[in-house]
Amino acid sequence: DLSLEDFVNVNGTDETWKQVGDTILCSGVPNGGARSHKQYTNFELTLEWKHQTHAGNAGVFLWCPESAFTDLPPGTLPRTGIEVQVLDLGYEENWEESKGEPSNWFTSHGDVFPVGQSSMKAATPQIDYSKADGTSYTVGSPESQRSFPTARLVRPAGEWNSYAIRAFNGEVTLWVNGELVNQGSECSPATGYLALESEGAPVEYRNLRLRELN
């Protein structure tokens with residue numbers, strides 16, 4: 001099991017990250033990250049997460065190089081890595097309310113994408129979703145490196161969600177609440193630090209378990 005002791009508070013304050021019982025609490029302020037002490041190449045990571053506020057934003061970073069965190073100023077997110085997004089349903093709801101249409105470039109259900117100098121081949125760079133009224137809309141584009149989930153399974157703020165992430169030989173596979181929903185391949189880099197992201201909203205993590213693979 002992983003606890004906050006297994007992570008370095010890179011550019012947050014003493015209030016940004018706290019261990020309370022079996023749960024890691026992130027205040028979301030300032031933006032930044034907590035990275036693992038160790039670097040990993042092939043592994044399986046399971047965790048549960050829960051946003052506390054509507055439209056909360058956070059993420060789990062894989063394979064971050066040292067340069068992603070070196071002299072990282074407070075308020076700055078990790079520079080490089082593969083992000084598995086941890087995004088509350090309210091983020092999409094706010095977008096649709098403000099734009100008058102569903103998001104055409106992100107979801108709140110487990111997007112996987114490269115950040116900074118990273119790269120990745122998306123398994124589902126473009127996908128069609130259906131609205132409650134039966135109409136459909138498209139998210140992404142054929143050229144996108146962002147991979148979108150094939151099912152919309154995330155539960156709203158205040159409820160726990162489970163992620164199972166397999167990172168192996170440059171491929172990332174994501175299960176959300178027990179169902180395989182997303183994949184990416186040809187990731188670069190494909191070794192590095194694991195990191196939890198602080199991005200403006202309080203979020204909780206628990207039952208983090210990591211198993212290295214050969």
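You'll find the structure just up there.
K.L.:
Sorry if this is basic, but what is going on with the nonpolar core here?
P.N.:
Across soluble globular proteins, you tend to see nonpolar side chains buried next to one another. Core analysis: the biggest nonpolar cluster contains 38 residues, and V60, L62, I165 and Y205 have the highest contact counts within it. Apart from the residues within four sequence positions on either side, I165 is in contact with F43, E44, L45, L47, V60, L62, V84, V172, T173 and L174. Within the second largest apolar cluster, 9 residues are counted, among which are C64, A68, F69 and Y193.

K.L.:
Any chance you could explain the sheet that holds strand β5 (residues 43-51) here in plain terms?
P.N.:
By way of backbone hydrogen bonds, the strands of a sheet pair with one another, either parallel or antiparallel. One open sheet holds the 8 strands; their spatial order is β2-β3-β16-β5-β12-β13-β14-β9, and the pairing between them is antiparallel. Two strands in the sheet have a free side with no partner beyond their single neighbour: β2 (17-20) and β9 (119-122). If you compare each strand with its neighbour and ignore which way they point, the axes differ by 30° on average. Here 7 bridges tie β5 to strand β12 (residues 161-168), and the two strands are oriented antiparallel to one another. Among the inter-strand pairings, T46 is bridged to a residue of β12, identified as A164.

K.L.:
Could you clarify how one ought to interpret the packing of aromatic side chains in this entry?
P.N.:
Each aromatic ring pair is described using two quantities: the centre-to-centre distance and the angle formed by the ring planes. Scanning all chains against the criterion turns up 8 aromatic pairs. A centroid spacing of 5.8 Å and a plane angle of 90° characterise the contact between W95 and F106, whose relative ring orientation is edge-to-face. Note that W95 is positioned in helix α1 (residues 89-99) and F106 in the loop between α1 and β8 (112-115), a separation of 11 residues in sequence. Overall, W95 belongs to the partly exposed group, its relative accessible area being 22%. Given the relative accessible area of 1%, F106 is considered buried. Between R35 and the ring centre of Y193, over which it is positioned, the NZ or CZ distance is 4.1 Å.

K.L.:
Which parts of the structure should I look at to understand α1?
P.N.:
Given 3.6 residues per helical turn, the α-helix brings residues three or four places apart onto the same face. Residues of α1 that are buried include every one of L89, G90 and E92, and no others. On an axial view of α1, the arc spanned by its buried residues comes to 160°, and they lie on one face. Those residues of α1 that are buried lie in contact with β7 (81-87) and β11 (136-140). Looking at where α1 begins, the residue whose side-chain oxygen comes 2.9 Å from the main-chain nitrogen of G90 is D88. Two residues or fewer past α1, G100 is found with a positive phi of approximately 80°.

K.L.:
Mind showing me how you'd approach the state of the cysteines here?
P.N.:
By definition, a disulfide is the covalent link that joins the sulfur atoms of two cysteine residues. For the structure shown, the criterion picks out 0 disulfides. Take C26: it sits in no disulfide, and the sulfur closest to it among the cysteines is that of C64, at 15 Å. Taking the relative accessible area as the measure of exposure, C26 reaches 3% and is therefore buried. With no disulfide of its own, C187 lies closest to C64 among cysteine sulfurs, the gap being 12 Å. Residue C187 is classed as buried on the basis of its relative accessible area, which comes to 8%.

K.L.:
Any chance you could explain the layout of surface pockets here in plain terms?
P.N.:
Once rolled over the atoms, a probe with the size of a water molecule shows which space is left empty. What the largest pocket holds in volume is close to 220 Å³. Every residue along the wall of the largest pocket is listed here: L89, E92, E93, E96, P102, S103, H109, S130, K131, A132, Y137 and R152. It is α1 that contributes the most residues to the lining of the largest pocket, 4 residues altogether. Grouping the constituent residues of the lining of the largest pocket by class yields 4 nonpolar, 3 polar and 5 charged.

K.L.:
Sorry, what's going on with the side chain of N11 here?
P.N.:
With respect to the element layout, N11 can be found in the loop between β1 (7-9) and β2. N11 sits in the buried class, given a relative accessible area of 5%. From its side chain, N11 meets the backbone oxygen of T76 in a polar contact 2.9 Å long. Beyond its immediate chain neighbours, meaning those up to four positions away, N11 contacts P30, N31, G32, G33, L72, P73, P74, G75 and T76.

K.L.:
Sorry, what's going on with the pairing of strand β10 (residues 126-130) here?
P.N.:
Looking along a regular strand, one sees side chains alternate from face to face of the sheet. Of the two faces of β10, only the one carrying I127 and Y129 is buried; Q126, D128 and S130 on the other face are not. For β10 and β11, the ladder comprises 5 bridges, and the chain directions are antiparallel. What sits directly across from D128, in β11, is T138. Counted between consecutive antiparallel strands, the loop separating β10 from β11 contains 5 residues, among which G134 sits at a positive phi close to 95°.

Rules behind the numbers
Residues numbered from 1 in each chain as written. Predicted model: local features only at pLDDT ≥ 70, side-chain atom pairs only at ≥ 80, totals over all residues. Heavy atoms only, no water. Core = buried A, V, L, I, M, F, W, Y, C linked by side-chain atoms within 4.5 Å. Buried < 20%, exposed > 50% of the residue type's maximum accessible area, 1.4 Å probe, protein only. Contact = heavy atoms within 4.5 Å. Pairing = 2+ DSSP bridges. Helix = DSSP H or I, 4+ residues; strand = E, 2+ residues; numbered from the N terminus. Axes fitted to C-alpha atoms, helices over the stretch in contact; angles between N-to-C directions. Phe/Tyr/Trp six-rings, centres within 6.5 Å; stacked < 30°, edge-to-face > 60°. Lys NZ or Arg CZ within 6 Å of the ring centre and 35° of its normal. Arc of directions from axis to C-beta. Polar contact = N/O pair within 3.5 Å; in protein donor to acceptor, adjacent residues only side chain to side chain. Disulfide = S-S within 2.5 Å. 1 Å grid on protein atoms, 1.4 Å probe; cavity = no way out; pocket = protein on both sides within 12 Å on 5 of 7 lines; lining within 4 Å. Points joined across faces, edges and corners; volume = space filled by probe spheres on them. Nonpolar A, V, L, I, M, F, W, Y, C, P; charged D, E, K, R; others polar.

Bear in mind that shape data such as this cannot, by itself, settle questions of function.
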